[in-house]
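An overview of the molecular structure
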Amino acid sequence: MPPALEKLTPSEVELLHTNFNKYHPILTCPQCHRAGHIKNNGLTRSEPKMPTFRCSQCDQYINHMQIQERIQATTPTMLGAVPNPVFLPTHATSYQSSNQQPADILQTVLQQIADHSKRLDDHDQQVNAQLSAQLNTQQEPLSSFGSQIDFDQLDSQAPKPISATSTNNNSRLPSTNPWTNSTYINNTIKQTTTKKYNLKRQARKEQAAIRFFQPPSANQGFQYLYFNTKTRMPIGQVRHHLCSININNGRILDIYYPEKNILALLIHNDFTDELKSQLGQHGITPKTSYDPTSPDILHDKKYQDMTTQDRTDIAFRLHVERMERAVRNIRYPVSLTVAHAFLEHGWISKETIAELAPNNKNKNSSIGSLFEDDDSMQDRESDNDL
């Protein structure tokens, strides 16, 4: 049967806690012999309540006498010059068996406590000085190594792909590399794209404003250019494809399909050479001879049994209807200029031009439409296949 544990007085318990807090980083567990893992575990249930301790590594419970013995045995070995911790005398001390008076005993104990406290403070200062010197010595090579790293070059390099295994192993570690953050990457791409778009949009607005203050061109008029297409798609997608190859949609006044696999673009005569040059860089050339009023564009079976003259009349009538819809979809006052050009070709009537002229209020409010860019152009629905 193990011997009964010695009970400590309240003052002895307080002093034990003081010494434990000072030396617990070097105290070793009697079970796993690892230092720095002994924690205060509260008080025992029995009376009088004594402090108890526990090792966080092996979960071994340690009583107050074991802690007191380990402090007395460990501190001289680990700290060298550190004196043994001071403990108040137990019930079987030599002071009780001596002839000293209680006042003399208390004075002696207080003097010993003061001497030990002074030596402990001096030793703490020496240890702190040694640790500071060692830390400064270790920081010198680290600082010289850090000065050799080109952080700007590291930031400019794209991040390397991270394997699934390394991602799982480091999932709990916070990443300081911004290029591993999907939100940061998306925001960076969005800001860059928005900046480029704003610059491009501003340049086109400036070009439109400059054209407004120039004298009338000697090459007045408008014309349709016709192109072969593989398939038929909505007008909005057509404008998107034109923008993808750096075509200014603001200069494309109208888009429609005169027949299957044929696309018509209405432009000003001054923009003809520039558009052909831009499209020619991608191997796209317009059809040189194409007549939108030809009866050959009528592919509906209901027109097959008609005479050539009737088919010609129907094709011309359908073309006139398209031109009337086109000028109504073009913004004012450009629509009025286009309408007069169509009138010269006999494609629309004077009554249609009269319908295009708005009142004075609409005229004043539509002047700003001269400077619209690509994104302000409204997509127009194309005609049904003939």
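Cut-offs applied
- Residues numbered from 1 in each chain as written.
- Predicted model: local features only at pLDDT ≥ 70, side-chain atom pairs only at ≥ 80, totals over all residues.
- Heavy atoms only, no water.
- Helix = DSSP H or I, 4+ residues; strand = E, 2+ residues; numbered from the N terminus.
- Buried < 20%, exposed > 50% of the residue type's maximum accessible area, 1.4 Å probe, protein only.
- Contact = heavy atoms within 4.5 Å.
- Areas by Shrake-Rupley, 256 points an atom, 1.4 Å probe, with all protein chains shown as cover.
- Pairing = 2+ DSSP bridges.
- pLDDT = per-residue confidence, 0-100.
- Expected span 1.5 Å × (residues − 1).
- Salt bridge = Lys/Arg side-chain N within 4 Å of Asp/Glu carboxyl O.
- Axes fitted to C-alpha atoms, helices over the stretch in contact; angles between N-to-C directions.
- Lys, Arg positive; Asp, Glu negative; His and termini not counted.
- Polar contact = N/O pair within 3.5 Å; in protein donor to acceptor, adjacent residues only side chain to side chain.

Some thoughts on the overall build of the protein chain
Along its length, the protein chain carries 13 helices and six strands. Per-residue burial for the protein chain yields a buried fraction of 30% across its 386 residues. Within the protein chain, contacts between residues separated by at least 24 positions form 62% of all contacts whose residues are at least 6 apart in sequence. When the accessible area of the protein chain is evaluated, it comes to approximately 25,600 Å², of which 52% is carbon and sulfur surface.

As for the pairing of strand E4 (residues 222-228)
Counting buried positions over the seven residues of E4 gives five, a clear majority of the element. Of the strand pairs in this sheet, E4 and strand E6 (residues 262-268) are connected by seven bridges, and their pairing is antiparallel. Residue pairing for E6: Phe227 is matched across the bridge by Leu263.

A short note on the confidence of the model for the protein chain
When pLDDT is low, close inspection of the predicted coordinates is not appropriate. In this model, the protein chain carries an average pLDDT of 78, and 74% of its residues clear a pLDDT of 70 or more. Within the model, the stretch residues 78-98 combines pLDDT values under 50 with 53 contacts to residues more than four positions away or in other chains. This model gives residues 360-386 a pLDDT under 50, and the stretch forms 57 contacts once residues within four places in sequence are excluded.

Focus: helix H11 (residues 334-345)
Given a rise of 1.5 Å per residue, 12 residues ought to cover 16 Å, and the 17 Å separating the end C-alpha atoms of H11 matches this to within 8%. Buried residues along H11 sit in contact with E4, E6, helix H10 (308-329) and helix H12 (350-356). Of the residues trailing H11, Gly346 is marked for its positive phi of about 80 degrees.

Examining the pattern of salt bridges
Think of it this way: side chains of opposite charge can pair up when their charged atoms draw near. By the definition in use, this model includes six salt bridges. Linking Arg54 and Asp59 is a salt bridge whose minimum nitrogen-to-oxygen distance equals 2.6 Å.

Considerations on the sheet that holds strand E3 (residues 61-63)
Pairing is antiparallel across the open sheet formed by three strands, whose spatial order is E1-E2-E3. Taken across any chain shown, the strands that pair with only one partner, and hence form the sheet edges, are strand E1 (38-43) and E3. Each strand of the sheet is rotated relative to its neighbour by a mean of 35 degrees, with strand direction disregarded. Looking at chain direction, strand E2 (residues 51-55) and E3 are connected through three bridges and run antiparallel. Note that in E3 the partner of Arg54 across the bridge is Tyr61.

A look at the side chain of Arg311
Mapped onto the fold, Arg311 is located in helix H10. For the buried residue Arg311, which engages in no salt bridge, the nearest side chain bearing the opposite charge is Asp296, 5.0 Å off. Of note is the side chain of Arg311, whose polar atom sits 2.8 Å from the backbone oxygen of Tyr303. The residues touching Arg311, leaving out its near neighbours within four places in the chain, are Pro295, Asp296, Leu298, Tyr303, Gln304 and Met306.

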